[in-house]
Amino acid sequence: QVQLVESGGGLVQSGGSLRLSCAASGRSFRINAMGWYRQAPGKQREVVASITSDGSTNYADSVKGRFTISRDNAKNTVYLQMNSLKPEDAAVYYCNAEVVDTLTYFSYNVWGQGTQVTVSS
């Protein structure tokens, strides 16, 4: 089973920047799409950004122009560069990956444990 480990969250002032990382580990797998989601208290989890295996990206309107998603396929790692952070960006950020078992070709989704992002005004 593939596991995702996130890092990079923390406390930042409004207007500041953070970079989140999410590394996948396991055996006999490849990853198709990867994405970042977030969930603020009392709200539903929402997609922030996604990236396909060939590098095509999509962003939520609320983060376009401020956040950048990227990935290093050799390291099975996805990043989220967050600039010009606003208080409304505060949430727990989760990494998600669409994983394919290269032995069985079975595909499944995996979630990271989440990393807290706090933005002070």
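Keep in mind that this is a model prediction, so the values were computed, not measured. (Residues numbered from 1 in each chain as written. Predicted model: local features only at pLDDT ≥ 70, side-chain atom pairs only at ≥ 80, totals over all residues. Heavy atoms only, no water.)

Colleague: Can you lay out the overall build of the chain for me, pointing to particular residues and giving the numbers?
Modeller: Check the secondary structure of the chain and you find zero helices and 11 strands. Mapped from its N terminus to its C terminus, the chain presents α and β elements in the order β-β-β-β-β-β-β-β-β-β-β. Seen along its three principal axes, the alpha-carbon backbone of the chain occupies a region of about 50 × 25 × 20 Å. Here the chain, with 121 residues, has 40% of them falling under the buried criterion. In the chain, of all internal contacts separated by at least 6 residues, the share reaching a separation of at least 24 is 56%. Accessible area of the chain: about 6600 Å², with a carbon and sulfur share of 46%. Of the side-chain charges in the chain, 11 are positive and 9 negative, and the distance between the mean point of each set is 3 Å. (Helix = DSSP H or I, 4+ residues; strand = E, 2+ residues; numbered from the N terminus. Buried < 20%, exposed > 50% of the residue type's maximum accessible area, 1.4 Å probe, protein only. Contact = heavy atoms within 4.5 Å. Areas by Shrake-Rupley, 256 points an atom, 1.4 Å probe, with all protein chains shown as cover. Lys, Arg positive; Asp, Glu negative; His and termini not counted. Charge placed at Lys NZ, Arg CZ, Asp CG, Glu CD.)

Colleague: Requested: an account of the environment of Ser 107, with residues and values cited.
Modeller: Looking at where Ser 107 falls in the secondary structure, it is placed in strand S10 (residues 107–111). On a C-alpha basis, the gap between Ser 107 and Phe 29 in space is 9.4 Å, while along the polypeptide they are 78 residues apart. Residues contacting Ser 107, with those up to four places away along its chain left out, are Val 99 and Val 100.

Colleague: So, the packing of aromatic side chains: which residues are in play, and what are the values?
Modeller: Ring pairs (aromatic) are described by centroid distance and by the angle formed between their planes. For the coordinates displayed, the defined rule picks out two aromatic pairs. Each ring, one from Phe 106 and one from Tyr 108, has its centre 6.0 Å from the other, and the planes form 25°; the classification is stacked. Its relative accessible area of 54% is what places Phe 106 among the exposed residues. In this structure Tyr 108 comes out as buried when scored by relative accessible area, which is 17%. When the ring centre of Tyr 79 is taken as reference, the NZ or CZ atom of Arg 19 above it lies at 4.1 Å. Between the NZ or CZ atom of Arg 45 and the centre of the ring of Tyr 94, over which it lies, the distance is 3.7 Å. (Phe/Tyr/Trp six-rings, centres within 6.5 Å; stacked < 30°, edge-to-face > 60°. Lys NZ or Arg CZ within 6 Å of the ring centre and 35° of its normal.)

Colleague: Outline the environment of Glu 98, supporting the account with residue identities and numerical values.
Modeller: Mapped onto the elements of the fold, Glu 98 is located in strand S9 (residues 91–101). Judged by relative accessible area, which is 32%, Glu 98 ranks as partly exposed. Linking Glu 98 and Ser 53, residues 45 residues apart in sequence, is a C-alpha distance of 10.0 Å. Dropping the residues within four chain positions of it, Glu 98 is found in contact with Arg 30, Ile 31, Asn 32, Ala 33, Tyr 108 and Asn 109.

Colleague: Hey, could you go over the pattern of salt bridges for me, with residue numbers and the actual values?
Modeller: What the rule picks out here adds up to four salt bridges. Here Arg 38 and Asp 89 are joined by a salt bridge, their closest N and O atoms 3.0 Å apart. Here Arg 38 is found in strand S4 (residues 29–39), whereas its partner Asp 89 is found in the loop between strand S8 (77–82) and S9, with 51 residues between them in sequence. A salt bridge links Asp 89 to Arg 66; the nearest nitrogen and oxygen atoms lie 2.7 Å apart. Taken as a pair, Asp 89 in the loop between S8 and S9 and Arg 66 in the loop between strand S6 (57–59) and strand S7 (67–72) lie far apart in primary sequence, 23 residues in all. Of the two residues, Asp 89 and Arg 66, neither departs from the other in class, the shared state being buried. Salt bridges here are not isolated pairs; linked through shared partners, they connect Arg 38, Glu 46, Arg 66 and Asp 89. (Salt bridge = Lys/Arg side-chain N within 4 Å of Asp/Glu carboxyl O.)

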